[in-house]
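Okay, here's what each chain looks like letter by letter:
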Amino acid sequence: MEIENMAIESLDIDEVATEIIIEEVSKGHKLLHRHKLTKKQIHIGRDYHNDIILSDPHICPSHACLTFVNGQWQITDHQTVNGTFVENPKQKKQDANQHIVQDGDIISLGKSQLRILFSDHKVAPTVAFSPFESFIDLMRHPVALFLSLTLFTFIAGGIFYLNKPIEVNFSQLLVPAIGMALGFALWPAAVSLVSHLTKHDARIMAQLGVCFAFFNFMWLSDVLESITSFNSASNSVLPLFALLISVALAFSLFWLNAYIGFHMTAKRRIIIAASITTLLFGGSYVVSYSNKPEFNPRPQYDATIMMPSFLIASSSSVDEFIEDTSKLFEQANKKALEK
Amino acid sequence: MKAFFILVFVLLSTSSYATEQAEQLFNQLKPSLYQIKLIDKASGEKSSIGSGFQISSNGIIATNYHVISSFALHPKKYRIEYLDSQGNKGNLSLQSVDVINDLALVRRDVKQDMPFFQLSQAAPHKGEQLFSLGNPHDLGMIVVPGTYNGLKKESFNERIHFTGSINSGMSGGPVVNKEAEVVGVNVATSGNSIGFLVPHDKLVSLYQAFQKAPPESIEQQMAQQLTANQDKLMTEILNSPWQNKLLGKQGSIPIIDVPFIRCWGDSNADKADALILTAVANCSLDENTYLSSRFFTGSMEIEFRTMQAKEIGANKFYHLYQQQISRARAGNRAGKDNVTEYQCHHDLVMPDNQAINNKSIFCTRAYKKFPDLFDVLYLSASIDRDKEALVSHFTISGINQANALAFTRKFMEAVSWK
């Protein structure tokens, strides 16, 4: 009875284990092709007799085979020119001849790589749709996209109008406004292109929709920044908060770009979004710092003024202003003593 | 016809008499006249030239401060050399300066008593003929006859207006009357035979002070003079009447009623296509103190500007208005070696009379070599009217903290809407 049982069990193992999944993967272990086989011997090589046909010129016509022996898969290298190796995180390359295959092993032959999995290989838990998905869906809707594009162009035109010291007509504003919208569309287009090139979905509409929605938020944060610096004195920290808002907006935009365009872990996405944000803000700081002359004979001050309806803060008295300015003399004296 | 002949004859005779007199004076004074050169020690070549004249038997020579300014600020880099009428050269040492009146005393070593210029006891009278001596453009010593035309009007620090050609290189040379007494020192020109001289009494007081007690350090002496001068200037400005004047339709601005601050005005009322009607009033002190070719101080500028939107909304008006106030610059030339960078403060400010609400900006930078002297800049923009604005702005260079703050306070309280 016991013997029978054992026989049945071993038969089970045989049947389960003969199912094998072989994935062709890139150097970065990205999946290229997947094969599921139920044979006991699998031939790998360049000619057309093989079960797995690889067109890599560095692979021999009959390169290697996987054989199911004693409930285990074993690799045999057919004395090939370039050899067969097991990728191992500890040792760089290990000869794969007679190697007993473990679940998840990566075998390299020629310049190609194969990942071998058994059917009981654990997969990652299901990823639920994030709440961003509904926001992205809303923004990629043609009507929403059209609205945010129009709003962006309208605001850009409005800003051109406000800063022109001469009279301008509508078409004189329309051309630079559309130009600006096209210029800003380059970023989502570039992200889509990169995700397309890296074998992901391009999702250009989603990228455009989300980007222009955020560009409009950024206009809003600009206005907020102006209002705070208009309403606060130079020793206030409020404008710093306004700056933080624009940094947060930029970070969120880059995070969503990565979320839409690429499959990656949450940690990686945060790192990427944070690095692009740092590059953007830090880069502009470095550029302005490197252009800064050694000595600036001109005073640097914040001249932000807005029309009286944006005035919220109450004004200081002349006495308070004079007291604040008297501190400047101490600062200047300290600077004079530095060198 | 006869009268005409007589007139021509008289003119000829006076001009030939003047030439004769100039020649005689020149020969008499030549031994005490010098060309003064600043020699760069490293290259051994001259970096600036001027003239000078001996005022004592023991070798004290008077010249302009600006001739030897590089030496005063960088004594290790230069040396001062003289060249006399016989072609002898020798070194000079700096003894004392008056930066405000652009005078300096240098000394040459003398073995025996030497002839020297007598300083006049009295000021010349208007129309009196004077003779300016000096070495223009290194061309050799010359004598230029000219006329005394009184003191320059509207100047804070007195200058003689001399009608006669003064050219560069003659700086520091003496101007004498017919009795060969010094009545002034060549200092500046504004072209077309308009020359300016430092009155002789400034030289007399500098020399007397030097005889009493020579300065311990030139830099300290300069700092004292700059501080005293700004004190004198600001006391006069703060104690003189400030008259309110209308600028544009609604702006009320102060005009400081002192002769040495002069105002000019302009507007764009003639430009039909301008979006904003602008009127500007500029007032400034027409003089400044030379410290080096890259460092001037003692200047003061005041500017008021009213703006009124014509056919644009408040939002656009304020955008254009902001462009107008975002590029204020220093009123004087100064570099890294002399001053720090500006430190600025801004705030919304309403004077106690509540007649205006402003965004006010105040910036200051300190002098590195002269303690407790600053350049200040103030800019204020009204923010309480939708389509109308009043900008008030001033820069003062070389002022101490107390005077700067007192002036700022008075200025802020004097600007308002009518």
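Source: prediction; values computed, not measured.

Asker: Would you mind going over the overall build of chain A with me for this structure?
Answerer: Within chain A, the secondary structure is distributed over eight helices and 10 strands. Referenced to the eigenvectors of the C-alpha coordinate spread, the extents of chain A come out at roughly 100 × 55 × 50 Å. Partitioning the intrachain contacts of chain A with sequence separation of at least 6 by distance along the chain shows that 46% fall at a separation of at least 24.

Asker: Looking at this structure, I do not really get the overall build of chain B. What am I missing?
Answerer: Each helix and strand in chain B was counted, giving six helices and 25 strands. Taken over the C-alpha atoms alone, chain B extends approximately 80 × 65 × 40 Å along its principal axes. Taken across its 418 residues, chain B has 44% of its residues classed as buried.

Asker: Looking at this structure, how should I read the interface of chain B and chain A?
Answerer: In many reports, interface size means the accessible area that the parts give up when they come together. Across the contact, 55 residues belong to chain B and 40 residues belong to chain A. Secondary structure elements with two or more residues in the side of chain B that touches chain A: helix H5 (314–325), strand S21 (343–349), strand S22 (358–366), strand S23 (374–382) and helix H6 (401–414) of chain B. Looking at which element gives the most residues to the side of chain B that touches chain A, the answer is H5 of chain B, with nine residues. When grouped by side-chain class, the residues that make up the side of chain B that touches chain A number 26 nonpolar, 14 polar and 15 charged.

Asker: Help me understand the sheet that holds strand S5 (residues 64–69) of chain A in this model?
Answerer: Working definition: the strands of a sheet are paired by backbone hydrogen bonds and lie parallel or antiparallel to each other. Residue and element names in this part refer to chain A. As summarised here, the arrangement of the four strands in space is S4-S3-S5-S6, forming an open sheet in which the pairing is mixed. At either end of the open sheet lies a strand with only one pairing partner, and these are strand S4 (52–53) and strand S6 (72–77). As paired elements, S5 and S6 share six bridges and run antiparallel to each other. Of the residues in S6, the one forming a bridge with Leu-66 is Ile-75.

Asker: I would appreciate a short explanation of helix H3 (residues 200–212) of chain B in the present structure.
Answerer: Because an α-helix completes one turn every 3.6 residues, residues spaced three or four positions apart along the sequence face the same direction. With 13 residues, H3 of chain B should reach 18 Å at 1.5 Å per residue; the first-to-last C-alpha distance of 18 Å fits that figure. At its buried positions, H3 of chain B is contacted by strand S3 (60–63), strand S5 (89–98), strand S6 (103–107), strand S7 (118–119), strand S12 (181–189) and strand S13 (194–199) of chain B.

Asker: Would you mind showing me how to read the packing of helix H3 (residues 142–163) of chain A against helix H5 (residues 204–231) of chain A here?
Answerer: Any two packed helices are characterised by the angle at which their axes cross and by the distance between the axes. Residues and elements named next belong to chain A. Contact pair H3 / H5: the axes reach a minimum separation of 9 Å and the direction vectors enclose 40°. With respect to each other, H3 and H5 are oriented oblique. Crossing of H3 against H5: the hand is left-handed. Within the contact between the two elements, H3 uses Ala-144, Leu-145, Ser-148, Leu-149, Leu-151, Phe-152 and Ile-155 and H5 uses Met-205, Leu-208, Gly-209, Phe-212, Ala-213, Phe-215, Asn-216 and Trp-219.

Asker: Any chance you could explain the confidence of the model for chain B here in plain terms?
Answerer: A low pLDDT means the predicted coordinates there should not be read in detail. Residue and element names in this part refer to chain B. Summary statistics for chain B give a mean pLDDT of 89 and a share of 95% for residues scoring 70 or more. Long-range and interchain partners of residues 1–14, a stretch whose pLDDT sits below 50, account for zero contacts in this model, where long-range means more than four residues apart. This prediction of the complex comes with two scores: 0.81 for pTM and 0.87 for ipTM.

Asker: Whenever I open this one, helix H4 (residues 170–197) of chain A confuses me. Can you help?
Answerer: All names here are of chain A. Taking 1.5 Å as the rise per residue, H4 with 28 residues should run 40 Å; its terminal C-alpha atoms sit 40 Å apart, in good agreement. In H4, a bend of some 25° at Leu-186 exceeds every other bend along the element, and Pro-188, a proline, comes one to four places later. Residues of H4 that are buried: Ala-177, Pro-188, Val-191, Ser-192 and Ser-195. Contacts made by the buried residues of H4 are with H3, H5 and helix H6 (238–261). Once H4 finishes, Lys-199 follows within two positions and takes phi at roughly 60°, a positive value.

Asker: I tried to follow the domain arrangement of chain B on my own but got confused; where do I start?
Answerer: All names here are of chain B. Splitting chain B by domain gives domain 1 (24–215) and domain 2 (225–417). With 12 residues of domain 1 at the interface, the matching set in domain 2 holds 14 residues. Ranked by residue count, the leading element in the side of domain 1 that touches domain 2 is helix H2 (residues 65–73), at four residues. Taken together, the residues of the side of domain 1 that touches domain 2 break down into four nonpolar, five polar and three charged.

Asker: What's the story with the sheet that holds strand S24 (residues 388–399) of chain B in this structure? I'm lost.
Answerer: All names here are of chain B. Spatially, the seven strands line up as an open sheet ordered S16-S17-S20-S24-S23-S22-S21, and their pairing is antiparallel. What marks the edges here is a single partner per strand, and that holds for strand S16 (261–267) and S21. Taken pair by pair, the neighbouring strands of this sheet meet at an average axis angle of 10°, ignoring direction. Sheet topology places strand S17 (residues 276–285) next to strand S20 (residues 300–309); nine bridges connect them, and they run antiparallel. Counterpart to Ile-276 in the pairing with S20 is Ala-309.

Asker: Please explain the nonpolar core as it appears in this structure.
Answerer: Side chains that are nonpolar tend, in soluble globular proteins, to be buried together. Core analysis: the largest hydrophobic core is formed by 117 residues, its most contacted members being Ile-68, Leu-103, Val-175 and Phe-374 of chain B. Residues contacting Phe-374 of chain B, with those up to four places away along its chain left out, are Phe-329 and Ala-332 of chain A together with Thr-364, Arg-365, Ala-366, Tyr-367, Ile-399, Gln-401 and Ala-404 of chain B. Within the second largest apolar cluster, 21 residues are counted, among which are Ile-136, Leu-149, Phe-212 and Leu-256 of chain A.

Asker: Would you explain unusual backbone geometry in this entry?
Answerer: Trans peptide bonds make up most of the peptide bonds, and negative phi angles are found at most residues other than glycine. Residue and element names in this part refer to chain B. The phi dihedral of Asp-138 falls on the positive side, at around 60°, and the residue is not glycine. Tracing the backbone shows Asp-138 in the loop between strand S8 (129–134) and strand S9 (142–151). Asp-138 sits in the exposed class, given 12 other C-beta atoms within 10 Å. Phi is positive for Asp-372, close to 60°, though the residue is something other than glycine. Residue Asp-372 is classed as partly exposed on the basis of its C-beta count, with 16 C-beta atoms lying within 10 Å.

Asker: What exactly am I supposed to notice about the pairing of strand S9 (residues 105–109) of chain A here?
Answerer: In summary, the side chains of a regular strand alternate between the two faces of the sheet. Residue and element names in this part refer to chain A. Relative to S9, strand S7 (residues 84–87) runs antiparallel, the two being bridged by four bridges. Residue Val-86 lies in a different strand from S9, and its bridge partner there is Ile-107. As paired strands, S9 and strand S10 (residues 112–118) are joined by five bridges and run antiparallel to one another. Opposite Ile-106, over in S10, you have Arg-115 as the bridge partner. Adjacent in sequence and paired antiparallel, S9 and S10 are bridged by two residues, among which Gly-110 carries a positive phi angle near 60°.

Asker: Please explain the packing of H6 of chain A against helix H7 (residues 266–291) of chain A as it appears in this structure.
Answerer: Residue and element names in this part refer to chain A. Contact geometry of H6 with H7 gives a least axis separation of 8 Å together with a crossing angle of 135°. Of the possible angle classes, the one that applies to H6 and H7 is oblique. In the packing of H6 onto H7, the handedness of the crossing is right-handed. Mapping the contact onto sequence places Val-247, Ala-250, Phe-251, Phe-254, Trp-255, Ala-258 and Tyr-259 in H6 and Arg-269, Ile-270, Ile-272, Ala-273, Ala-274, Ile-276, Thr-277, Leu-280 and Phe-281 in H7.

Asker: Is there a simple way to explain the environment of Leu-246 of chain B in this structure?
Answerer: Residue placement: Leu-246 of chain B occurs in strand S14 (residues 242–247). Here the alpha-carbon distance between Leu-246 of chain B and Thr-147 of chain B, two residues 99 residues apart in the chain, equals 42 Å.

Asker: Can you help me understand the pairing of S24 of chain B in this one?
Answerer: Residue and element names in this part refer to chain B. Here S24 lies mainly inside the structure; 12 of its 12 residues are buried. Here S20 runs beside S24; their pairing, made up of nine bridges, is antiparallel. Its bridge partner lying in S24, Glu-303 is registered against His-393. Connecting S23 to the antiparallel partner S24 that follows it, the hairpin turn spans five residues.

Asker: What is the right way to read the environment of Ala-177 of chain A from this model?
Answerer: Residues and elements named next belong to chain A. Relative to the helices and strands, Ala-177 resides in helix H4. In this structure Ala-177 comes out as buried when scored by C-beta crowding, with 20 C-beta atoms within 10 Å. Beyond its immediate chain neighbours, meaning those up to four positions away, Ala-177 contacts Thr-153, Ala-156, Gly-157 and Phe-160.

Asker: Any chance you could explain the confidence of the model for chain A here in plain terms?
Answerer: Per-residue confidence for chain A gives a mean pLDDT of 87; residues scoring 70 or more make up 94%. Scored below 50 in pLDDT, residues 1–16 of chain A shows three contacts in the model against residues more than four places distant or in partner chains.

Calculation criteria
- Residues numbered from 1 in each chain as written.
- Chains lettered and ligands numbered in written order.
- Predicted model: local features only at pLDDT ≥ 70, side-chain atom pairs only at ≥ 80, totals over all residues.
- Helix = DSSP H or I, 4+ residues; strand = E, 2+ residues; numbered from the N terminus.
- Contact = placed C-beta atoms within 7 Å.
- Buried ≥ 20, exposed ≤ 12 C-beta atoms within 10 Å, placed from the backbone.
- Nonpolar A, V, L, I, M, F, W, Y, C, P; charged D, E, K, R; others polar.
- Pairing = 2+ DSSP bridges.
- Expected span 1.5 Å × (residues − 1).
- Axes fitted to C-alpha atoms, helices over the stretch in contact; angles between N-to-C directions.
- Parallel < 35°, antiparallel > 145°, perpendicular 65-115°, else oblique.
- Left-handed = near helix turned anticlockwise from the far one by under 90°.
- pLDDT = per-residue confidence, 0-100.
- Bend = angle between axes of the 7 residues up to and from the residue.
- Domains from an automatic or database assignment.
- Core = buried A, V, L, I, M, F, W, Y, C linked by C-beta atoms within 7 Å.

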